[in-house]
Amino acid sequence: MQGILASLDRRWRRSDAALAPCHWKTCLFLTANIVLLSALLFDWPVGAALKSFSPTIRFFGGMLTDFGDSGWIIIVSAFLFFEGWAASRLLRSPRCRGRALRICQIGGYLLTTIMLSGLLANMLKRAIGRARPTHFADWGPFGFSPFNGRASFESFPSGHATTIGALFVALALLFPRYRYIFAACALWLGITRVMVGAHYPSDVIAGLALGGWFSFMTAIVYSRYGILFRINAAGQPTPRWPLLKRGMFQGLRLPRRVRELNPITK
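Source: prediction; values computed, not measured.

A. Summary view of the overall build of the protein chain. Looking only at helices and strands, one finds 11 helices and 2 strands in the protein chain. N-terminal to C-terminal, the α/β element order of the protein chain is α-α-α-α-α-α-α-α-α-α-β-β-α. Looking at the protein chain as a whole, 43% of its 266 residues qualify as buried. A separation threshold of at least 6 residues defines the contact pool for the protein chain, and within that pool the share at least 24 residues apart is 68%. Surface summary for the protein chain: the accessible area is close to 15,100 Å², and the carbon and sulfur share equals 67%.

What follows is the structure, given as C-alpha cells:
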C-alpha cells in the first residue's frame, strides 16, 4: 500500500510540474469577463427583441436545442462504459481486451463529465435564481430570485449549454484533429437556447464555459492516474494513444451493418 501511495504521489507531482504553462487563472479571468460583458451588452437587446424573432429562427432552434439534453448522452456513455467493460472481460485476445478497455474508459470519462457538470449547473442555477427571458417584461435581464423553486427562475447558467460544452470539449480532447469542428458545433447548438427564448446570451456563454472547463479539469484528473489521458509538454491533456486509427475495432463483435458503414473497422 505504501508503494502505491508513493507512486500516485510521484505521478501527481509530475502532472503539477507539467501544468505550470497552462495559465488557468488567466483563462478563468478572461472567461468571467466575457460572461459579464455579454450580460451587459447583449442580454438586454436580446430580451427586448425576443417576441420579434422570426418563426424560421424559432423553428431552426427548436429542431436542434434538444441535442443538449443530457439524458441521451448519459445513456450512450453508460452503454459504452458497460459494453467496453464486459468486452474487456470476455474477449480472448489481449489486444482486443485493451481496445475494449479503451472504449470503457471513454464511456466512463463522458459519463463522469456530463453527469457531474450537469449536477453543478443545476445547483448553481437554483442558487442564483435568474429570471428567464419569458419574464423580461416584469424582471428584465437582471432579475434574481434565489432558491425560488420554479424553472422560470433557473436561467443562469444554461443547463443545456453546460452539457453541450462538456460533451464537445471532451470530444475535442479525445479527438484533437477535429477540435475546430467540435467548437463550431458547440457554439451553434448553444445559441439555439437563445433562439427558442429559453436563455440570455450570457447564460449560454456561462454554460458552455462551465461544461468545457469541467471536461478539461476532469481530463487532467484522469491523466494524473494514467487513465485515458496524459499531460503533454504544453501542459494540456492529450490522449495516451491515437483513438481513431485503422484496426482499432478489429476483434470486437460489432454488428455487420456498422462494420460496413464505418471505414475504420474495415
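B. Quick peek at the packing of helix H4 (residues 55–65) against helix H9 (residues 179–195). Here H4 crosses H9 at 125 degrees, and the two axes come no closer than 8 Å. If you check the angle between H4 and H9, you find them oblique. By crossing handedness, the relation of H4 to H9 is classed as left-handed. Judged by residue contacts, Ile57, Arg58, Phe60, Gly61, Leu64 and Thr65 of H4 engage Trp188, Leu189, Thr192, Arg193 and Met195 from H9.

C. Up close: a nonpolar patch on the surface. A surface patch of nonpolar side chains, about 870 Å² in accessible area, is lined by Leu36, Leu37, Leu40, Leu41, Phe42, Trp44, Phe142 and Phe144. Tallying contributions element by element places helix H2 (residues 24–41) first for the nonpolar patch, with 4 residues. Position of Phe144 relative to the elements: it lies in the loop between helix H7 (136–139) and helix H8 (159–174). A residue is classified by how much of its surface remains accessible, and Phe144, at 41% relative accessible area, is partly exposed.

D. Molecular detail of the packing of aromatic side chains. For the coordinates displayed, the defined rule picks out 10 aromatic pairs. When the centroid spacing of 5.1 Å and the interplanar angle of 80 degrees are considered together, the rings of Phe81 and Phe82 count as edge-to-face. A residue is classified by how much of its surface remains accessible, and Phe81, at 28% relative accessible area, is partly exposed. Considering the side-chain rings of Phe168 and Phe182, the 6.2 Å spacing of their centres and the 45 degrees angle between planes classify their relative orientation as tilted.

E. Up close: the confidence of the model for the protein chain. For the protein chain, per-residue confidence averages 82 on the pLDDT scale, and residues scoring 70 or more make up 82% of the total. Across the protein chain, element-level confidence peaks in H8 with a mean pLDDT of 94 and bottoms out in helix H11 (residues 256–261) with 42. Note on residues 15–21: pLDDT is under 50 here. Beyond four places in sequence and across chains, it has 11 contacts. Confidence drops under pLDDT 50 across residues 244–266; counting only partners more than four residues distant or on other chains, this segment forms 32 contacts.

F. Up close: the environment of Leu36. Among the structural elements, Leu36 can be located in helix H2. The spacing of Leu36 and Ala206 is 170 residues in sequence and 9.3 Å in space, taken between C-alpha atoms.

About the criteria used
- Residues numbered from 1 in each chain as written.
- Predicted model: local features only at pLDDT ≥ 70, side-chain atom pairs only at ≥ 80, totals over all residues.
- Heavy atoms only, no water.
- Helix = DSSP H or I, 4+ residues; strand = E, 2+ residues; numbered from the N terminus.
- Buried < 20%, exposed > 50% of the residue type's maximum accessible area, 1.4 Å probe, protein only.
- Contact = heavy atoms within 4.5 Å.
- Areas by Shrake-Rupley, 256 points an atom, 1.4 Å probe, with all protein chains shown as cover.
- Axes fitted to C-alpha atoms, helices over the stretch in contact; angles between N-to-C directions.
- Parallel < 35°, antiparallel > 145°, perpendicular 65-115°, else oblique.
- Left-handed = near helix turned anticlockwise from the far one by under 90°.
- Patch = residues over 30% accessible without salt bridge, like charges linked within 9 Å, V, L, I, M, F, W, Y side chains within 5 Å.
- Salt bridge = Lys/Arg side-chain N within 4 Å of Asp/Glu carboxyl O.
- Phe/Tyr/Trp six-rings, centres within 6.5 Å; stacked < 30°, edge-to-face > 60°.
- pLDDT = per-residue confidence, 0-100.

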